[in-house]
Amino acid sequence: MVLYNHSVPANAETEKPVAGLEDQVQDEKRLLEFCRVPRTRKEIIDFLGIASGQYALKRYLDPLVQAGAIRLTMPETPRSPHQQYFTAAKRL
């Protein structure tokens, strides 16, 4: 096995993750706006336009639910096929 030791420019590591983070933040903002009306998982996946539904839910929806920004219409049965998600009201 050969390991190469070469330097990487400092900005090369930060440019792509920052751009990806910016895109994710914009997608989250759009998703919060979209979920002002309760939406199903399928509607959310279609809205995000991501081929993998599981990825879309794991990357965007689950973190927003955990942060309290999006709430479930049936919190006692989170895996229900009739579950819908809506944007939580801002706390004052």
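Here the structure is a predicted model, which means the values were calculated and not measured.

Draft legend 1. Geometry of the overall build of the protein. Within the protein, the regular secondary structure consists of 3 helices and 3 strands. When burial is assessed residue by residue, the protein has 23% of its 92 residues classed as buried. When contacts within the protein are restricted to residue pairs at least 6 apart in sequence, long-range pairs at least 24 apart make up 44% of them. When the accessible surface of the protein is summed, it comes to about 7300 Å², and 56% of that surface belongs to carbon and sulfur atoms.

Draft legend 2. A look at the sheet that holds strand 2 (residues 70–72). If you walk across this open sheet you meet the 3 strands as 1-3-2, and the pairing is antiparallel. The outermost strands of the open sheet, each flanked by one partner alone, are strand 1 (39–40) and strand 2. Two elements, strand 1 and strand 3 (residues 84–87), share 2 bridges in a ladder whose sense is antiparallel. Looking at strand 3, one finds that T40 is bridged to Q84. Each of strand 2 and strand 3 touches helix 3 (residues 53–67); the most contacted strand, strand 2, lies at about 85 degrees to it.

Draft legend 3. Region of interest: the nonpolar core. Ranked by internal contacts, the top residues of the largest apolar core, which has 14 residues, are L31, C35, I44, L61, I70 and Y85. Of all the secondary-structure elements, those providing two or more residues to this core are helix 1 (10–34), helix 2 (41–48), helix 3 and strand 2. The dominant element in this core, judged by the number of residues it contributes, is helix 3, at 5 residues. L31 has contacts with I44, F47, Y60, L61, L64 and I70, leaving out every residue within four places of it along the chain.

Draft legend 4. Layout of the side chain of Q83. Its location among the elements puts Q83 in the loop between strand 2 and strand 3. Relative accessible area serves as the criterion here: at 0%, Q83 is assigned to the buried category. There is a polar contact of 2.8 Å between the side chain of Q83 and the backbone oxygen of M74. In contact with Q83, not counting residues within four places along its chain, are R39, T40, R41, L72, T73, M74, P75, T77 and P78.

Draft legend 5. Just the packing of helix 2 against helix 3, in detail. One way to put it is that helix 2 packs onto helix 3 with a least axis distance of 10 Å and a crossing angle of 90 degrees. On the basis of their axis angle, the class for helix 2 and helix 3 is roughly perpendicular. Counted together, R41, I44, I45 and L48 of helix 2 and G53, A56, L57, Y60 and L61 of helix 3 form the full contact between these two elements. A class-by-class count of the residues in the contact of helix 2 with helix 3 yields 7 nonpolar, 1 polar and 1 charged.

About the criteria used
- Residues numbered from 1 in each chain as written.
- Predicted model: local features only at pLDDT ≥ 70, side-chain atom pairs only at ≥ 80, totals over all residues.
- Heavy atoms only, no water.
- Helix = DSSP H or I, 4+ residues; strand = E, 2+ residues; numbered from the N terminus.
- Buried < 20%, exposed > 50% of the residue type's maximum accessible area, 1.4 Å probe, protein only.
- Contact = heavy atoms within 4.5 Å.
- Areas by Shrake-Rupley, 256 points an atom, 1.4 Å probe, with all protein chains shown as cover.
- Pairing = 2+ DSSP bridges.
- Axes fitted to C-alpha atoms, helices over the stretch in contact; angles between N-to-C directions.
- Core = buried A, V, L, I, M, F, W, Y, C linked by side-chain atoms within 4.5 Å.
- Polar contact = N/O pair within 3.5 Å; in protein donor to acceptor, adjacent residues only side chain to side chain.
- Parallel < 35°, antiparallel > 145°, perpendicular 65-115°, else oblique.
- Nonpolar A, V, L, I, M, F, W, Y, C, P; charged D, E, K, R; others polar.

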